[in-house]
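# An overview of the molecular structure
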Amino acid sequence: MKVQLKVWRQKNRNSPGKFVTYDSPDLNPNMSFLEMLDVVNESLASKSEDPIAFDHDCREGICGTCSLVIDGKPHGPHKGVATCQTYMRSFKEGDQIVIEPFRARAFPLVKDLVVDRKAFDRIQQKGGFISVRTGSAPDANSIPVPKENADLAMDAAQCIGCGACVAACKNASAMLFVSAKVSHLGLLPQGQPERHRRVKAMVDQMDEEGFGACTVTGSCEAVCPKSISLDFIARMNRDYLVALAKGDPKKPAAGGA
Amino acid sequence: MATLNSNVPSGPLDTKWENHKFNSKLINPANKRKYRIIVVGAGLAGASAAATLAELGYEVQNFVFHDSPRRAHSVAAQGGINAAKNYQNDGDSVHRLFYDTIKGGDFRSREANVHRLAEVSVQIIDQCAAQGVPFAREYGGLLDNRSFGGAQVSRTFYARGQTGQQLLLGAYSALSRNVANGGVKLHTHSEMLDLVVVDGQAKGIMVRNLQTGELTRHTADAVVLATGGYGNVFNLSTYARGSNTTAIWRAYRRGACFGNPCFTQIHPTCIPVSGDYQSKLTLMSESLRNDGRIWAPAKVGDKRPPGEIPEGERDYFLERMYGAFGNLAPRDVASRAAKTVCDEGRGVGATGLGVYLDFAESIKRLGDEKIRERYGNLFSMYHEITDEDAYKAPMRIYPAVHYTMGGLWVDYNLMSNLPGLFVLGEANFSDHGANRLGASALMQGLSDGYFVLPSTISNYLATQAPAKRPPVSHAVFSEVETDVRNRIQRYIDGKGKRTPGSYHKELGKIMWEYCGMARNRPSLEKALGLLGNLREEYRSNLHVSGEAAEWNQSLESAGRVEDFIELGELMCRDALEREESCGGHFREEFQYTKDDPEVRSGLVNPGDVKRDDARFAHVAAWEFAGPDRPPVRNQEELKYEEVKMSTRSYK
């Protein structure tokens, strides 16, 4: 099969970008979408043209490196999978496929289809953890966790941090991403001591990074490669309100033993 | 010749680690912050080490080539992590995990290291549970376990089919916490391109910023490499596309010895190759072998669909050949058995390179729902890739490159023969001998990073005066930077025709064909010839797009592929010199035949690997001798004090 690609090309953050159209070489419908781009890039390189820059790594839907907005939809046509798990059999002979980067102010462009998602790391650094020093943990079975809670925590924890939720949102909100981490830790007994401090710090950093507000349209859930539920946003909002009501934690008294 | 001293402490095996910790030098807390440690990589080993070293008070600089440390390929491990908790009351113990690992590695690992790994395993689970890793639980709220290959106890902890992801996110959260409090300085999109060795000690690295192409020098009191394995030398593998050997290879070129490079793990249950365009292979977790039965048609050339082949005309070959372990035979054994069946012409699928992994019986016994709960994500992954429904027809699987047991040589302190250079996780030649058991990679990565290195590194640092690391203006830094710049310029200036990707494909085909699941002297000699030519051609006919001072994926690949070609040659040399079969290293000249007493007594099958303990009970540690001279093969003899080296039997 052959398709036509209309791809966003932009040399770097400071130069203007534009769509460029390419006719693909002959493709096999069992190729993954990224393998199709590999083949296109090989043919560009053989003509001494600059290959299309795109992010990718594990190619099995778990590392969250790949991105791409394909025909207007982050991670392409299918629900619950990432771009790397999308196969050419989902397209028809002669289709024109439009490929753009994830666009959001908080994700500055690096080149072509690659954007910088470090804002997510900075949010995590504000509170996406349980403070436990190596070596200080009690026996793992000394903290029983009801299976239902553990399963729900896992539903949230499987977020791959790809940023599709942000790319899909008209406000470029990162609420689904942040709520997944907040809920994962907030659902577990180990996460309780820092529960309110965590949500406050992470949400504040999210705002700081320039992500927009949530208006609950659900476009994030629709494109999430791990089908993370919107319910987690409601859960986070509740935790955030409690955190606000509690106010900032008191500073410890000066001095010590 | 390099000096290889394993530095294994004396005394009884089960007290060595405790004694060693007690005898290790301590660093005064006020001095710790004066030592700077570079950690390269942020997978399980790197992130856990960086976080823990920072907690101890050291100044840590962490470098990753990804945009975020959460992307490291540990994230893709599916099945689980072993620990000798014996929560199942099925007879497990530290000693049993130790023994299973030594035996699984076909008696080619260091006893004391493996025992330490088994001891530390229990602490890892505690640590991860406290961090909030959402391990699978039973209704009582306690942790669940599953079985994995090479063991007859249930000691594997898991988080659905995404255990690696969850453990990595745990380590990443610890890392993030220490970044926030200033203990770790994180450098993302930063690829290490060389090691700086000053007066025989590792004291820094050269780094390229992948976004801008800028080269920077970094100095430290010690350098820790946790950069993963090198299975992408085969091009097609279950590794992420970005996984590469560059950090450890350039360290090798600066004097660090490379241990057992030919020890490669070929995983039995992967989705078969479908075409030449393919960029990677996808693993179907070993945990599937708990409920799936592996078979092939009994008759050669039987092309009927699996549903039409009656029970009596199926060969459940693992159950037939290895009764005691059956479908849970270790990976190397299961892979070779599948290859044998396909070589006999009984393979299935369009290419004939595949066997069935069949869930029909389990689905009948447990129901669709139970199977979906256990393996749902794997079944959907299989469906996405092959467009086939494994609830209705058996999966087709074939072995694929999955892990490398070889890596940089390290002593008991995880320090290489270059003082100041430490190597963790899959990047070191490790604790897995000639074959790694399932669910042991995650265990080793976290053991090295959370518990071993943070305790042993002080033995080296105590010999170094605090805050006396060389400045980046030191002459050696300038020399190394010049080397790196020249190399990059050589790639950019190349006027050739072929892309790095096309060479990578050719390299992969040579390695798989001649140094893959089965090797022999003529095949390895042939590979060495082909690789020599490939290396020459790479120098004269390479085409790299774009410029040095920009985001340039073609340039990144150029360096990585050249390193892979050179490493491929070393692997073939190592495989050639090791004139025995052991674990994943199968030399066709050395296998059991029907006339051997071990076969007659029913201990092993004809075709099983045949070790030669008299000649090869050692680690081969290869030393770089210059670009135009053959490398030197050093040996570290393996002394077994506790375990008797025996013929490995899974029958």
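From a predicted model like this one, the values you see are computed outputs, not experimental measurements.

In this section: the overall build of chain A. Scanning chain A for helices and strands turns up eight helices and seven strands. The principal-axis extent of the C-alpha atoms belonging to chain A is close to 70 × 40 × 35 Å. Residues counted as buried form 51% of the 257 residues belonging to chain A. Of the contacts made within chain A by residues no fewer than 6 positions apart, 69% connect residues no fewer than 24 positions apart.

This paragraph deals with the sheet that holds strand β1 (residues 4–9) of chain A. All names here are of chain A. Spatially, five strands are ordered β2-β1-β5-β3-β4 in an open sheet, and the strand pairing comes out mixed. Pairing within the sheet leaves two strands with one partner each, and these edge strands are β2 (18–23) and β4 (73–74). Bridge count between strand β3 (residues 69–70) and strand β5 (residues 96–100): two bridges; the pairing is antiparallel. Each bridged residue has a counterpart across the sheet, and for Ile70 the counterpart in β5 is Ile99.

All names here are of chain A. Two numbers describe how helix α5 (residues 175–186) lies on helix α8 (residues 231–246): the axes approach to 8 Å, and their chain directions differ by 70 degrees. In this view, α5 runs roughly perpendicular relative to α8, as classed from their interaxial angle. Of α8, the residues touching α5 (which contributes Met175, Leu176, Val178, Ser179, Ala180, Val182, Ser183 and Gly186) are Phe232, Ile233, Arg235, Met236 and Asp239. Residues of the contact of α5 with α8, tallied by class, amount to eight nonpolar, three polar and two charged.

Facing 65 residues of chain A, the contacting portion of chain B comprises 63 residues. Sorting the residues of the side of chain A that touches chain B by element identifies α1 (33–46), β6 (109–111), α2 (118–127), α3 (147–157) and α5 of chain A as the ones contributing at least two each. Looking at the side of chain A that touches chain B residue by residue, the classes come out as 30 nonpolar, 18 polar and 17 charged.

Interfaces are often sized by the amount of accessible area the parts lose when they come together. All names here are of chain B. When its domains are assigned, chain B resolves into domain 1 (13–263 + 405–461), domain 2 (267–402) and domain 3 (475–623). One C-alpha centre belongs to domain 1, the other to domain 3, and the line joining them spans 24 Å. On the domain 3 side, the residues contacting the 39 residues of domain 1 number 42 residues. At the level of secondary structure, the elements contributing two or more residues to the side of domain 1 that touches domain 3 comprise β6 (190–198), β7 (201–209), β8 (215–219), α7 (246–253) and β10 (258–259). Sorting elements by how many residues they give to the side of domain 1 that touches domain 3 places β6 first, with four residues. Among the residues forming the side of domain 1 that touches domain 3, the class breakdown is 21 nonpolar, 14 polar and four charged.

Here the focus is the nonpolar core. Core analysis: the biggest nonpolar cluster contains 277 residues, and Cys165(A), Ala50(B), Val224(B), Leu225(B) and Leu408(B) have the highest contact counts within it. Ignoring sequence-local partners within four residues, the contact set of Leu408(B) consists of Leu225(B), Ile248(B), Ala251(B), Tyr252(B), Ala256(B), Phe258(B), Gly259(B), Ser416(B), Val423(B), Ala427(B), Asn428(B) and Phe429(B).

As a further point, take α2(A). Of all ten residues in α2(A), eight are buried, a share of seventy percent or more. If you check which residues of α2(A) are buried, you get Ala119(A), Phe120(A), Asp121(A), Ile123(A), Gln124(A), Gln125(A), Lys126(A) and Gly127(A). Looking at the packing, one finds that the buried side of α2(A) touches α5 and α6 (195–208) of chain A together with α6 (163–180) of chain B.

Quick look at the sheet that holds strand β2 (residues 59–63) of chain B now. All names here are of chain B. The strand order β5-β2-β1-β9-β17 describes an open sheet built from five strands, whose pairing is parallel. At either end of the open sheet lies a strand with only one pairing partner, and these are β5 (184–187) and β17 (421–423). Ignoring strand direction, the axes of neighbouring strands in this sheet form an average angle of 20 degrees. Sheet analysis places β2 next to β5, joined by four bridges and oriented parallel. Bridge pairing in β5 places Asn62 opposite Leu186.

Residues and elements named next belong to chain B. The buried count for strand β1 (residues 36–40) comes to four of five residues, which makes it a mostly enclosed element. Across five bridges, the pairing between β1 and β2 is parallel. Across the sheet, residue Val39 finds its bridge partner in β2, namely Asn62. Remark: the β1/helix α3 (residues 44–56)/β2 crossover connection has right-handed handedness. Looking at chain direction, β1 and strand β9 (residues 222–225) are connected through four bridges and run parallel. When the bridges of β9 are listed, Val40 appears paired with Leu225.

Right, let's talk about the domain arrangement of chain A for a bit. Residues and elements named next belong to chain A. In terms of domains, chain A is made up of domain 1 (4–111) and domain 2 (117–131 + 142–246). Taken together, the contact between domain 1 and domain 2 spans 19 residues of the former and 17 residues of the latter. Classifying every residue of the side of domain 1 that touches domain 2 gives ten nonpolar, five polar and four charged.

What follows is about unusual backbone geometry. Leaving glycine out, the prevailing phi sign among residues is negative, and the prevailing peptide bond configuration is trans. Unusually for a residue other than glycine, Ser48(A) sits at a positive phi of about 60 degrees. Examined against the element boundaries, Ser48(A) turns out to sit in the loop between α1 and β3. The class for Ser48(A) is exposed, based on 9 C-beta atoms found within 10 Å. Notably, Phe107(B) is not glycine yet its phi reads approximately 60 degrees, a positive angle. Here Phe107(B) is to be found in the loop between α4 (94–104) and α5 (111–131).

All right, on to the pairing of β8(B) then. Bridge count between β7(B) and β8(B): five bridges; the pairing is antiparallel. Bridging from a neighbouring strand, Gly204(B) pairs with Thr219(B) of β8(B).

On to α4(B), then. Residues and elements named next belong to chain B. By the criterion of burial, α4 is predominantly enclosed, with eight of the eleven residues buried. Among the residues of α4, those classed as buried are Val94, Leu97, Phe98, Asp100, Thr101, Ile102, Lys103 and Gly104. On its buried face, α4 is in contact with β3 (81–82) and α5. One or two positions beyond α4, positive phi appears at Asp106, with a value near 55 degrees.

Cut-offs and rules
- Residues numbered from 1 in each chain as written.
- Chains lettered and ligands numbered in written order.
- Predicted model: local features only at pLDDT ≥ 70, side-chain atom pairs only at ≥ 80, totals over all residues.
- Helix = DSSP H or I, 4+ residues; strand = E, 2+ residues; numbered from the N terminus.
- Buried ≥ 20, exposed ≤ 12 C-beta atoms within 10 Å, placed from the backbone.
- Contact = placed C-beta atoms within 7 Å.
- Pairing = 2+ DSSP bridges.
- Axes fitted to C-alpha atoms, helices over the stretch in contact; angles between N-to-C directions.
- Parallel < 35°, antiparallel > 145°, perpendicular 65-115°, else oblique.
- Nonpolar A, V, L, I, M, F, W, Y, C, P; charged D, E, K, R; others polar.
- Domains from an automatic or database assignment.
- Core = buried A, V, L, I, M, F, W, Y, C linked by C-beta atoms within 7 Å.
- Right-handed = clockwise from strand over helix to strand, strands pointing away.

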